[in-house]
Amino acid sequence: MPRITLPDGSHRDYDTPVTGVVIAGDIGERLLKSAIGIMVDGDIKDLSGVITSDSEVSIITEGRKKEEPSEEALYLIRHSCAHVMAEAIERVIPGTQLVYGPPTDQGFYYDIHFSDDRIISTDDFSSIEDHMKQIIAEDRPFQRYELAADEGLAKLREEGSKYKLDNAQRAIDAGSENLTWYATGEPGCDWEDLCRGPHLPSTGRIGAFRLMSVASAYWHGDATSDSLTRVYGTAFPHPAQLQTQLDRLEEARRRDHRVIAKKLNLFRIDETVGQGLVLWQPNGAVIRRELEEFIRMHLVATGYQMVYSPHVGKLDLYRTSGHFPYYQESQFPPLISSDFLKAVSDEGCSCADLSHRIDVGEIDGFILKPMNCPHHIKIFDAEPRSYRDLPVRLAEFGTVYRWEQSGELNGLIRVRGFTQDDAHIFCTEDQVYDEIQGCLELVKLVLSTLGLDDYRVRVGLRDDDNSKYAGDPQLWDQAEAACLKAASTLAVPFSKEPGEAAFYGPKIDFVVKDAIGREWQLGTVQVDYNLPERFDLKYTGADNIDHRPVMVHRAPFGSLERFIGILIEHYEGNFPTWLAPEQVRVLSISEKFVDYACAVKERLAAEGLRVTVDNSDERVNAKIKVGAQQKIPYLLIVGGRDAEAGTVSVRQRGVGDLGAVDLDRFISDITAEVSERRLPTVNEEDN
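Residues numbered from 1 in each chain as written. Predicted model: local features only at pLDDT ≥ 70, side-chain atom pairs only at ≥ 80, totals over all residues. Heavy atoms only, no water.

1. Some details on the sheet that holds strand β30 (residues 611-614)
Thought 1: Spatially, 5 strands are ordered β30-β29-β31-β32-β33 in an open sheet, and the strand pairing comes out mixed. Lying at the two open borders of the sheet, with one neighbouring strand each, are β30 and β33 (656-662). Going across the sheet, the axis of each strand differs from the next one's by a mean of 25°, ignoring polarity.
Thought 2: Sheet topology places strand β29 (residues 584-588) next to strand β31 (residues 634-638); 5 bridges connect them, and they run parallel. Pairing of Leu-587 across the sheet is with Ile-637, part of β31.
Thought 3: Against the sheet, helix α19 (residues 594-606) makes contact with β29, β30, β31 and β32 (647-652), and its axis sits at roughly 165° relative to β29, the strand it touches most. (Pairing = 2+ DSSP bridges. Helix = DSSP H or I, 4+ residues; strand = E, 2+ residues; numbered from the N terminus. Axes fitted to C-alpha atoms, helices over the stretch in contact; angles between N-to-C directions. Contact = heavy atoms within 4.5 Å.)

2. Things to note about the nonpolar core
Thought 1: Leu-291, Ile-436 and Leu-450 are the most contacted members of the largest nonpolar core, which totals 64 residues.
Thought 2: For this core, the element with the highest residue contribution is helix α15 (residues 432-449), accounting for 8 residues.
Thought 3: Not counting chain neighbours up to four residues away, the residues in contact with Leu-291 comprise Leu-450, Phe-557, Leu-560, Phe-563, Ile-564, Leu-567, Trp-578 and Leu-579.
Thought 4: Residues Tyr-110, Met-132, Phe-142 and Ala-235 belong to the second largest nonpolar core, which totals 35 residues. (Core = buried A, V, L, I, M, F, W, Y, C linked by side-chain atoms within 4.5 Å. Buried < 20%, exposed > 50% of the residue type's maximum accessible area, 1.4 Å probe, protein only.)

3. Brief notes about the packing of aromatic side chains
Thought 1: Taken as a whole and assessed by the stated rule, the structure comprises 11 aromatic pairs.
Thought 2: An aromatic cluster of at least three residues, connected via ring pairs, comprises Phe-332, Tyr-401 and Trp-403.
Thought 3: Above the ring of Phe-236, the side-chain terminus of Arg-78 is found at 4.7 Å from the ring centroid.
Thought 4: The ring of Trp-403 carries the charged tip of Arg-416 above its face, separated from the ring centre by 3.8 Å. (Phe/Tyr/Trp six-rings, centres within 6.5 Å; stacked < 30°, edge-to-face > 60°. Lys NZ or Arg CZ within 6 Å of the ring centre and 35° of its normal.)

4. Topic: α19
Thought 1: The end-to-end C-alpha distance of α19 is 18 Å, a good match for the 18 Å that 13 residues give at a rise of 1.5 Å each.
Thought 2: All of the buried residues along α19 are Val-594, Tyr-596, Ala-597, Val-600 and Leu-604. For α19, the angular spread of buried residues about the axis comes to 160°, placing them on one side. For α19, the exposed residues set more than 90 degrees away from the buried face come down to Asp-595, Glu-602 and Ala-606.
Thought 3: In this structure, the buried residues of α19 make contact with β29, β30, β31, α21 (640-645), β32 and α22 (663-675). (Expected span 1.5 Å × (residues − 1). Arc of directions from axis to C-beta.)

5. Remarks on the sheet that holds strand β9 (residues 108-113)
Thought 1: Strand order in this open sheet of 4 strands is β8-β9-β14-β13, and the pairing throughout is antiparallel. In this open sheet, the two strands that pair with only one neighbour each are β8 (97-100) and β13 (208-218). If you compare each strand with its neighbour and ignore which way they point, the axes differ by 30° on average.
Thought 2: Its contacts with the sheet put helix α6 (residues 162-173) on β8, β9 and β14 (227-236), and the angle it makes with β8 is roughly 30°.
Thought 3: The strands touched by helix α7 (residues 239-254) within the sheet are β13 and β14, with β13 carrying the most contacts at an inclination of about 45°.

See below:
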């Protein structure tokens, strides 16, 4: 009978199978009252779930009002709220067909097919929310029941939903012998949905919710398939937490990098060029160039060699690396010569046959590179290597391409063509730990320089039960041990996350909080014993025998596009002076002082500063307003007294008027600020 190990290490032994309800009650009445689910050996389960064998168990509670709710609590609440929303929508709009309704990091959604061209909009939200409140007030239990696969499929066929039949068949194909339903109340009497769970004990445990938006979607994400409507919502244990989230979302809308970028002329995405393909405007190009130069300086100082590689590569290259079979669905279609396509067409080869022959390697071609790694491997392998040459550190700002679904594209954050500050280190096993440490120090330098100091670290490990991971388990053990050892030296919290490794090796990710508390995965370091094996890489050791190098992948920025998109929102467009596209604007009080304004500009430009003159006929207050809206760090107002005294009247963004300052003194101060890459001072009045 089960022995239950609790988070504090204590044990509870039971003579019969036991539920979370019993365990929570045995610990204390107060815990039972706040319990909403359980964690069993790392998996979220219903509070009523039965435990039959020795297990590590923790109780999931709704938590306190003034604390951040746990991810597990949010999962249960949001998953359950998705069911309540779906029931309410079916009440308001009969004849709908439900497709799929998962919880997400920000809330939950349900994909729905509406018949007879019925369109749902936010105008329907009030009525739907009223029905949801009624269902929650009824405090109906979520009750789970199972049917054998054949019986469950028969039930779904009778109900006539091809979408639920598809979901069920997928579960069966994945190995499920039974199909699971959750009834919101009594099975067979109340509303129910095909679902694996888990859920809250009852609807009344949903604390606070809000329907958020409506979007278009496609069945299986395929634009050629059925059009669906995706209804989004969010939910929290307590109303105050919901309000905090709504305030945060409003702040996020205010900081939307796409809106700010349009005002500041940073980038464009033009439909005639292609969705997800970024056109950097001059202002945005300045930010990108400054970031590249910043990290390039440190790379050269620490022994990296800069390289370049083509934007395409042969399919066989990526078959060897494993990227083509592992990530085929997220890659652009292969590039096959027109002569060859005509030849196979003349042979009567169908599209399906052609796709199969490409998949199995009978046909070669080219592909827009999804990764830089194989190209760097070939550069390393272009000449004989000795242990004396190692480590070899190759770096590139390499542009790669991924076929993201159109519905997932989002300004700079999610694109189809992006540039990585990519590097690959080829080293001996004895050098792995030191090289990881060097990479981590570089990531820390990048984050601290940009003021992204609030972060945590996660170590992505393989899942032994998952077949996606390639290579020798013993080598995986070595790589994971090196990553964990390095992560332990960072003096910040880190978590172990099985199943989050790359297919070729474990990784260390930095998860950064921005100015409004959102988390973003940014810098990454990965250890790889597999690609050197796949490409048969060698170096000659001190024993004059061939050895296999280890690869370390690292990218402090990750994607420059995504990183800059995050920076735009983090700073709200108020970039540090060293990054600002326009660092100084000189404003002449009147036409009489334009010559002095131009002379000031020349002095500043000679120091390498990015400076312009506003010599328009506008009044100076209007010029100041425009400069503030364009978030320029320094506005220099010049008139007759300034021309006579060799001064400038300085207005600093985020600080205000500093009065008349000697021009030489201003130049000394701003050049020091730029060279030291100081962070900006921002005042809400300047936003």
